[in-house]
Amino acid sequence: MEQIDKAKQFLNEAKQELKKVTWPTKQQTMTSTWVVLAVTFVLAIFLGLVDLVFSKVIGLILR
């Protein structure tokens, strides 16, 4: 029974803490999402180009 009381207390405390959170607006969330997608896209292209260059260089060395 003590475990159930501890679980209830934990959930109540977590609920109280979540009320204190300042959640982002929909606009902030959308902006952040686009920034993450853009940075991910740019890094993917950069890493792809680096991989291509390294594979060409290693191919020339091993000939």
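Let us look at the structure shown here.

About the cut-offs
- Residues numbered from 1 in each chain as written.
- Predicted model: local features only at pLDDT ≥ 70, side-chain atom pairs only at ≥ 80, totals over all residues.
- Heavy atoms only, no water.
- Helix = DSSP H or I, 4+ residues; strand = E, 2+ residues; numbered from the N terminus.
- Rg over C-alpha atoms; globule rule 2.2 N^0.38 Å.
- Buried < 20%, exposed > 50% of the residue type's maximum accessible area, 1.4 Å probe, protein only.
- Areas by Shrake-Rupley, 256 points an atom, 1.4 Å probe, with all protein chains shown as cover.
- Lys, Arg positive; Asp, Glu negative; His and termini not counted.
- Charge placed at Lys NZ, Arg CZ, Asp CG, Glu CD.
- Salt bridge = Lys/Arg side-chain N within 4 Å of Asp/Glu carboxyl O.
- Patch = residues over 30% accessible without salt bridge, like charges linked within 9 Å, V, L, I, M, F, W, Y side chains within 5 Å.

In this section: the overall build of the chain. Check the secondary structure of the chain and you find two helices and zero strands. Its C-alpha atoms give the chain a radius of gyration of 25 Å, clearly above 11 Å, the size a compact globule of 63 residues would have. Overall, the C-alpha framework of the chain stretches about 75 × 35 × 10 Å when taken along its three principal axes. When each of the 63 residues of the chain is scored for burial, the buried share is 0%. A total of about 6300 Å² of accessible surface is found on the chain, and carbon and sulfur atoms cover 71% of it. Of the charged side chains in the chain, 8 are positive and 5 negative, and the gap between their average positions amounts to 12 Å.

Attention now goes to the pattern of salt bridges. Tallied over the full model, the rule gives two salt bridges. Residue K6 pairs with E2 through a salt bridge whose shortest N-O separation is 3.5 Å. Taken as a pair, K6 and E2 lie in helix 1 (residues 2-20) at a separation of four residues, close to a single helical turn. With a relative accessible area of 53%, E2 lands in the exposed category. Ionic pairing is found between K20 and E17, a salt bridge with its closest N-O pair at 3.2 Å. Placement of both K20 and E17 in helix 1 is noted, with a separation of three residues, approximately one turn of the helix. For E17, a relative accessible area of 45% gives the class partly exposed.

Here the focus is a nonpolar patch on the surface. There is a patch of nonpolar side chains on the surface, built from V53, F54, V57, I58, I61 and L62 and spanning about 630 Å² of accessible area. On the secondary structure map, I58 appears in helix 2 (residues 26-61). A relative accessible area of 47% means that I58 is categorised as partly exposed.

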